[in-house]
Amino acid sequence: MRAAVLTGYGRPLEPADLPEPAPGPGQVAVDIRACGVCGSDLFLQEGGFGSTLPIVPGHEAAGVVSEVGPGVESVEVGCPAALYYIDHCGECGPCRAGRVNICLRVRRMGVEFDGGFAERVVLPARCVIPVHEDDDPAAVAVLTDAVATPYHALVRIARARAGETVVVMGVGGTGSNAVQLAAYLGCRVIAVSRSDANLELAVRMGADAVVRGGDDAVAGITEAAGPGGPDVIIQTVGSAAVYRQAFEAAGIGCRVAAVGAALDTFPVNPMGLIWREATLAGSRGYTPEDIREVVALHRKGAITTEHLVQHPRPLDQVNEALDDLREGAVTRSVITFGKGW
Ligand SMILES: [Zn+2]
Ligand SMILES: [Zn+2]
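Residues numbered from 1 in each chain as written. Chains lettered and ligands numbered in written order. Predicted model: local features only at pLDDT ≥ 70, side-chain atom pairs only at ≥ 80, totals over all residues. Heavy atoms only, no water.

### Some points on the domain arrangement of the protein chain
Structurally, the protein chain comprises domain 1 (2-146 + 286-336) and domain 2 (159-282). Centre-to-centre separation of domain 1 and domain 2, based on C-alpha positions: 28 Å. With 10 residues of domain 1 in contact, the opposing surface of domain 2 contributes 10 residues. On inspection of domain 1 and its partner domain 2, the count reaches zero salt bridges. Across the contact surface, domain 1 and domain 2 share five residue pairs in polar contact (both at pLDDT 80 or more). Per-class residue counts for the side of domain 1 that touches domain 2 are five nonpolar, three polar and two charged. (Domains from an automatic or database assignment. Contact = heavy atoms within 4.5 Å. Salt bridge = Lys/Arg side-chain N within 4 Å of Asp/Glu carboxyl O. Polar contact = N/O pair within 3.5 Å; in protein donor to acceptor, adjacent residues only side chain to side chain. Nonpolar A, V, L, I, M, F, W, Y, C, P; charged D, E, K, R; others polar.)

As structure tokens, this is what we get:
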């Protein structure tokens, strides 16, 4: 099968012809129909995850079940599916609490085992989420991460409610969807970005107000939010400086959800937390339930993926797709393998 392989950090992916993987007990093979290209693929490529090489990246994928291993009864060959890239044990404390995204024995497709920049993947049957024939594969692929990630942050971690004021820091592949989801939930949405194009995108996604990112962002957020400040902040920018701004801008009772990957630190004044009774919470990925819910929202027309699937590319252009993302030329790219399922 054709695949794109990372063989060295900081290097382009290399085309390869790999043997077709076969499913073992409890596993299924899925023929990939679409796989999103995400900021974390860039992070992986630079060595951020410390993956053992070589690895086939690609973690936001949709495809058709093409073979099932011994003992698999939950899915059948021919089933169109969203793939949940986080393999989980189902037995540890977090798994038993339904928080499988923070399983103690996590293994991630496209990070710890070969992913969707290939014609076929093998993964546990529990990571396959059936969808409808009518769902578009490229849309399903990006829903599994670009939409499910901010959904998890907004709904599970920050618990945003209708009528609350939600600030979204950064309007990229994740933030743009935080904006549309918060608007769908009935929140008042303030979007923050340095980019004119992304501020325009935020308005199209349902933002009620926009604030220019940069040195004056905190003042802009405070003014736009009004008395008490924002109730929720979804921070999607991979920058400690922006985390600092998000914490400064937090309002009374505010829940700040950390989504953007950054390795640097930022100062937190305990009295600033206490006085505002603020919460600073990490939000890591999403659960299969989050995927099912965003697919359902998309199916009923409550949210769009149009801005995420405008740049489809075949597998042999995966490096161009990564470059587009690195240069900020696109919100998202999707590798597609023909049309339909
Ligand atoms: Zn991703
Ligand atoms: Zn577990």
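### What about the pairing of strand β14 (residues 255-258)?
Pairing of strand β13 (residues 232-235) with β14 involves four bridges; the strand directions are parallel. Note that in β14 the partner of Gln235 across the bridge is Ala258. For the crossover that starts at β13, traverses helix α7 (residues 240-249) and ends in the parallel β14, the hand is right-handed. In this structure, β14 lies alongside strand β15 (residues 279-282), joined through four bridges in parallel fashion. Following the sheet pairing, Ala258 is matched in β15 by Gly282. (Pairing = 2+ DSSP bridges. Helix = DSSP H or I, 4+ residues; strand = E, 2+ residues; numbered from the N terminus. Right-handed = clockwise from strand over helix to strand, strands pointing away.)

### Points about the coordination of the zinc ion (ligand 2)
Those donors, Cys89 (SG), Cys92 (SG), Cys95 (SG) and Cys103 (SG), are the protein atoms that reach the zinc ion (ligand 2), and they lie 2.3 to 2.4 Å from it. With four donor atoms in place around the zinc ion (ligand 2) and angles of 104 to 119 degrees between them, the coordination shape is tetrahedral. Between the donor residues of the zinc ion (ligand 2), the gaps in sequence give the motif C-x2-C-x2-C-x7-C. (Donors = N, O, S within 2.8 Å, 3.2 Å for Na, K, Ca; no water. Tetrahedral: all angles 85-135°; square planar, octahedral: opposite > 155°, others 65-115°.)

### Description of a nonpolar patch on the surface
Residues Ile252, Met271, Ile274 and Trp275 make up a contiguous nonpolar surface patch of roughly 510 Å² in combined accessible area. Since its relative accessible area comes to 67%, Trp275 is described here as exposed. (Patch = residues over 30% accessible without salt bridge, like charges linked within 9 Å, V, L, I, M, F, W, Y side chains within 5 Å. Areas by Shrake-Rupley, 256 points an atom, 1.4 Å probe, with all protein chains shown as cover. Buried < 20%, exposed > 50% of the residue type's maximum accessible area, 1.4 Å probe, protein only.)

### Regarding the sheet that holds β14
Ordered in space as β12-β11-β10-β13-β14-β15, the six strands form an open sheet in which the pairing is parallel. Sheet topology places β12 (209-212) and β15 at the edges, where each strand pairs with a single neighbour. Averaged over all pairs of adjacent strands, the angle between their axes in this sheet comes to 20 degrees, without regard to strand direction. Relative to β12, helix α5 (residues 196-204) is tilted by about 165 degrees, and along the sheet it contacts β11 (188-193) and β12. (Axes fitted to C-alpha atoms, helices over the stretch in contact; angles between N-to-C directions.)

### Some remarks on unusual backbone geometry
The residue after Leu53, namely Pro54, is reached through a cis peptide bond having omega 0 degrees. Take Pro54: it is sitting in the loop between α1 (39-45) and β4 (60-68). The backbone of Arg159 shows a phi angle near 50 degrees, a positive value even though the residue is not glycine. By the secondary structure assignment, Arg159 is in the loop between α3 (137-157) and β10 (165-169). The phi dihedral of Glu277 is positive, around 45 degrees, even though this residue is not glycine. Here Glu277 is to be found in the loop between α8 (270-276) and β15.

### Some thoughts on the coordination of the zinc ion (ligand 1)
For the zinc ion (ligand 1), the protein coordination sphere consists of Cys38 (SG), His59 (NE2) and Asp145 (OD), at 1.8 to 2.2 Å. The sequence motif formed by the donor residues of the zinc ion (ligand 1) is C-x20-H-x85-D. Note that Cys38 is positioned in the loop between β3 (27-37) and α1 and His59 in the loop between α1 and β4, a separation of 21 residues in sequence. Residue class for Cys38 comes out buried when judged on its relative accessible area of 8%.

### Describing the pairing of β13
Residues Val232 and Ile234 point to one face of β13 and Ile233 and Gln235 to the other, with burial holding for every one of them. Bridge count between β10 and β13: four bridges; the pairing is parallel. Across the sheet, Met169 pairs through a bridge with Gln235, a residue of β13.

### Some words on the state of the cysteines
In total, this model carries zero disulfides according to the counting rule given. Counting only cysteine sulfurs, Cys254 is the nearest neighbor of Cys187, a cysteine outside any disulfide, at a range of 12 Å. (Disulfide = S-S within 2.5 Å.)

### Here we look at the pattern of salt bridges
Scanning the entire structure with this criterion turns up 20 salt bridges. Across the pair Asp135 and Arg299 runs a salt bridge, and its minimum N-O distance is 2.6 Å. Of this pair, Asp135 sits in the loop between β9 (128-130) and α3 while Arg299 sits in helix α9 (residues 288-299); the two residues are 164 residues apart in sequence, bridging distant segments of the chain. Take Asp135: its relative accessible area is 10%, and that puts it in the buried class. The partly exposed category is assigned to Arg299, whose relative accessible area is 37%.

### Points about the side chain of Gln235
Position of Gln235 relative to the elements: it lies in strand β13. Within polar-contact distance, the side chain of Gln235 engages the backbone nitrogen of Val237 at 2.6 Å. Apart from the residues lying within four places of it in its own chain, the contact partners of Gln235 are Met169, Val242, Tyr243, Ala246, Ala257, Ala258, Val259 and Gly260.

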